[in-house]
Structures are given as C-alpha cells and as structure tokens.
Amino acid sequence: MRKLFWLCLALCLAVPAAAQREYGLRFSSLINDELTLENAIRLGLENNSEFLAAQQEIIIAEQKVKEAKFLFLPQLAVQGTATWYDLEYPMVLPDSVANRFIPSNDSLSDDTKHQFFGVGVTATQYLYAGGRFRSALKMAQANLKQVQSKYEAVKNATVLSIKKAFFRLLYSQHNMELAQEVQEKSTRYARSLHAGAWEQVKVQYLISRLASLKSEAQNDLQKAQLGMLVALNKELNSQITVKGDFKPVEVKLDLPKLNLWSMEFRPELKAAIYALELDNLAIDLALSRRYPDLILTGSYEQLGFDNLDDVNKQISLAVRLPLNFTFSSQNAQRKAEQKQSTLHRAAIEDKIRVQVAENYADLVFWQAEVFSRQQAWQEVQKLLARAEKNARPDVNALEALDAYYQTGRAYYESVRNNLAAKAGLEWAIGQDL
C-alpha cells in the first residue's frame, strides 16, 4: 500500500510538470510563429515598456482625480493619548498629542499624579476656499485628459514602428523567395547551356552574380527579422516570420481634408490643448489665494487623569485670510507659462501640417509608382514564361534572369514603400484610413 501511495503521488506531480513544460514549449519565443499584422501590433504593444508606462500614467492621473474629489469631504481624525509626566509648571502638549493642557503636580492628588488619558474625534470642513478645491479638481481632470492623449501618442508611434518593421519583413520574405527562384532557374539554365570559351567566362560571372543576389536577400531577411524582434521587444535569438497581403493599396483623399482630420485626431495636439487648459487653471488657482477661507471645525473627546469620564465638545467657525507675499510673482509666472503653452501649441500645429503634407506626398508618389512597376513586373513574367517555353537557354537567358529579378525586386520595394507611406499618413492624421 505504501508503494502504491508513493507511485500515485509521483504521477500526480509529474502530469502538471509535463503540462507546464509543454505550455512553455508551445508558447516559447523560440518557435517559428507566423504573425499577422494585427497580432504583431497586439504583441508589440503588450511588450513595449514606454506604452506600458503610459498606461500606468493614466492610473496615476485617475487616482489624482479621486484625491481632488476627496478635498470636498470633511477631514476626520481619531486620536488617543496616554501621557506620563512630572511637571513643576503647567504645560500644553505638542500638536502630535492634540495640544492638551496638563496642570502642574501641585494641583493634583497623589494618586492621579504623573498620568493623563484622552480619546477624541475631530472633523474639519472647508465651507469656502476661494474656489481652490474646484480648481484643483479641474486641474486633475485636465491632467488626466492630457495623460490619455500622451498615451494615444505613444500608442500611435509604437504601432507605426511595428507596421514599418512588419512591411519590411514581409518584403524581405518575398524578395528571398524571388532570389531563390532565380537561383534555381539559373542552375537549370546552366545545365543545358552550350557556350564557347569566351562565353563561359560571361556565364560564370552571371551565375556568380545571381548567387550573390540571393546572399544579399538572405542578409536583408535576417536584418528585417532582427528589426521585427526589436519592434516586438522579443528575444533576439527568436525566429519569426510574418504573413499578410502584400499588394498595393490606393487611397483617394485630398490634402485639406487630411489636415482637418489631423487637427481633430492627433493626440499630440490634444495634449497641447490640455496643457494650455492646465495653465489657465493654474492662473485661476493662483488668483484664488487672495480670498479668505471659511472653516468649520468640530470635536468630541473624553479625557481624565485616572479615567475617561470628562467630556469636551466644541464647534468652531473660523475665517482665515492668507497673506502671501509671493502672489504677484506666482501670477506672473503662471501667465508666462500660459504664453509658453500657446506658442508650443502653435508649433505643434505647424509640425503636424508638415508631417501630413510629407506623408501625403509619399503616398501619392508610391501609389502611382507601384502600379507602374506592377505592370512592368507582370509583363516581364509573361515574357520569361514565353521564352522558357519557346527558346533554348543561352547566355542571354542568364542576363534575362538578372533583369527578371531586378524588376521583381523593384516592384516589391514599391509595394513596401506604398504600405509604409499609408501607415505614415495614418500616423500623421491620427487615425486609420
């Protein structure tokens, strides 16, 4: 029975361990996974430290809004004290123990000498504070909106870098397939090629050149994989491939409409607007310090020298007028910061217009160029297929393979640039097209 018990226990421990090893292997970054663009964006955002830090900034700003709301509630304090003393002259205890008055030893009997006890609760409510609490709440809310806009800006920038890395890797994979196809064709052509002594030199050069093109494509593919891993923030020893539609896109929009969209959707501009709002609220907060505070305070406490039979109750209404000698300098400082934010916002607007114009020009160019190269590539494919069917390979066939590869690579580059230009324009206007 004891052996059976230990055998069952070993099996119970082995099954979860095996499952854990299988889970770790299945979801290991070392496995060659094919990522779509959507999955790559999701994975890249999940692993991006700057994006995750921006998420935490939102949480912090939300808590600051809650703290600002708590300013409108009464401030409560509960305190208990036990004091042992030896006084020759009466004293008042410090603020940390509720400022209680302690008489001298001569005024007390011997059995209550040297000890004092007390418990109590105090509530303080600001009835009027010159609008400072309301301004503090508005500032916390504006700060939350600004942080959310910065979060969107970080997200858009991260998505753009992932898209560019994705399109580069997709291009490199297609380019590698084309180079592999060209090398296989050159090897097949060379086997059935009959060339003279001088032509053999040229044949050897062309075969070596086509092999070098494949090596260059392999090197470019490795660099593209490394760039994709960096964009995804994954281990650099991982092997990764991507899949997706690698074909031209066409967008028909005019520049004035794109500029209007960018002024509406770009989070950087929204963040600048909220920064200006924060400066306006800071001026209001500085001005509110000229007004008095109206404070209501109440307390209840039980105290005594040998028991808690004595009860004190009080309600106080206080008016406090702060005399701040730095008021004028703080007001001038806030107005200068407001002017600075206004200039910063204008600079951001100009920068966004330039970014929209540049990315729009790139997209317009590559939209026209990609279809031109696509037509040339399709024509070259047809001509090569016809030549392979009707003509015997010679030296010109190897030169034609070189032209075939260069035309195909030029088309793939235009597709990559076309997709990247569309992604850049989407980033520039702040939304997907």
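Bear in mind the structure is a predicted one, so any value in this text is a computation, not a measurement. (Residues numbered from 1 in each chain as written. Predicted model: local features only at pLDDT ≥ 70, side-chain atom pairs only at ≥ 80, totals over all residues. Heavy atoms only, no water.)

Draft legend 1. The arrangement of the overall build of the protein chain in detail. Helix and strand counts for the protein chain come out as nine helices and eight strands. Residues classed as buried in the protein chain amount to 36% of the 433 residues present. In the protein chain, once contacts between residues fewer than 6 apart in sequence are set aside, the share between residues at least 24 apart is 83%. Taken as a whole, the protein chain presents about 26,100 Å² of accessible surface, with 56% of it coming from carbon and sulfur. (Helix = DSSP H or I, 4+ residues; strand = E, 2+ residues; numbered from the N terminus. Buried < 20%, exposed > 50% of the residue type's maximum accessible area, 1.4 Å probe, protein only. Contact = heavy atoms within 4.5 Å. Areas by Shrake-Rupley, 256 points an atom, 1.4 Å probe, with all protein chains shown as cover.)

Draft legend 2. Seen up close, the pattern of salt bridges. If you walk through the whole model with that rule in mind, you get 13 salt bridges. In this structure, Asp432 engages Lys163 in a salt bridge whose closest nitrogen and oxygen atoms are separated by 3.8 Å. Remark: Lys163 occurs in helix H4 (residues 132-191) and Asp432 occurs in the segment after helix H9 (395-429); sequence separation between them is 269 residues. The class of Asp432 is exposed, set by a relative accessible area of 58%. Residue classification places Lys163 among the buried positions, given a relative accessible area of 11%. In this structure, Glu268 and Arg266 form a salt bridge, with 2.8 Å as the shortest nitrogen-oxygen distance. A residue is classified by how much of its surface remains accessible, and Glu268, at 23% relative accessible area, is partly exposed. Several salt bridges share partner residues, and in doing so they unite Lys163, Lys422, Glu426 and Asp432 into one network. (Salt bridge = Lys/Arg side-chain N within 4 Å of Asp/Glu carboxyl O.)

Draft legend 3. Local environment of unusual backbone geometry. Residue Asn233 is not a glycine yet carries a positive backbone phi of 60°. Positionally, Asn233 belongs in the loop between helix H5 (197-232) and strand S6 (240-242). Owing to a relative accessible area of 47%, Asn233 belongs among the partly exposed residues under this scheme.

Draft legend 4. The packing of aromatic side chains, seen in detail. Evaluation of the coordinates by the stated rule reveals ten aromatic pairs. Each ring, one from Phe72 and one from Phe133, has its centre 6.3 Å from the other, and the planes form 80°; the classification is edge-to-face. Here Phe133 lies in helix H4 and Phe72 lies in the loop between helix H3 (49-70) and strand S2 (75-84), a separation of 61 residues in the sequence. Measuring from ring centre to ring centre gives 4.9 Å for Trp377 and Tyr404, while their planes differ by 40°; the resulting arrangement is tilted. Of this pair, Trp377 sits in helix H8 (residues 327-390) while Tyr404 is found in helix H9, placing the two residues 27 residues apart along the sequence. (Phe/Tyr/Trp six-rings, centres within 6.5 Å; stacked < 30°, edge-to-face > 60°.)

Draft legend 5. Here's a closer look at the sheet that holds strand S5 (residues 115-128). The antiparallel open sheet is built from four strands, whose spatial order is S2-S5-S7-S8. Each having just a single partner strand, S2 and strand S8 (310-320) make up the two edges of the open sheet. In this sheet, neighbouring strand axes are inclined to one another by 15° on average, regardless of whether the strands run parallel or antiparallel. (Pairing = 2+ DSSP bridges. Axes fitted to C-alpha atoms, helices over the stretch in contact; angles between N-to-C directions.)

Draft legend 6. Seen up close, the pairing of strand S7 (residues 293-304). Where S5 and S7 come together, eleven bridges link them in antiparallel fashion. When the sheet's bridge partners are listed, Gly118 is paired in S7 with Leu303. Where S7 meets S8, eleven bridges bridge the pair, whose relative direction is antiparallel. Looking across to S8, one finds that Ser299 is bridged to Gln314. Once S7 ends, the chain turns through five residues before running back antiparallel as S8.

Draft legend 7. A look at a nonpolar patch on the surface. Together, Leu127, Tyr128, Tyr291, Leu296, Ile315 and Leu317 line one region of the surface with nonpolar side chains, adding up to about 620 Å² of accessible area. By the secondary structure assignment, Tyr291 is in the loop between helix H7 (267-287) and S7. For Tyr291, a relative accessible area of 36% gives the class partly exposed. (Patch = residues over 30% accessible without salt bridge, like charges linked within 9 Å, V, L, I, M, F, W, Y side chains within 5 Å.)

Draft legend 8. How the structure looks around the environment of Glu264. By secondary structure assignment, the location of Glu264 is in helix H6 (residues 255-265). Sequence-wise, Glu264 and Ile429 are 165 residues apart; in three dimensions their C-alpha atoms are separated by 8.3 Å.

Draft legend 9. Highlighting the side chain of Gln173. Residue position: Gln173 is located in helix H4. Other than its neighbours up to four places away in sequence, Gln173 contacts Leu221, Thr241 and Val242.

Draft legend 10. How the structure looks around the confidence of the model for the protein chain. For the protein chain, the average pLDDT comes to 83, and 88% of its residues sit at 70 or higher. When the elements of the protein chain are averaged for pLDDT, helix H1 (residues 2-26) gives the smallest value, 43, and H9 the largest, 93. Every residue in residues 11-32 scores below 50 in pLDDT, and together they form 13 contacts with partners more than four places removed in sequence or on other chains. (pLDDT = per-residue confidence, 0-100.)

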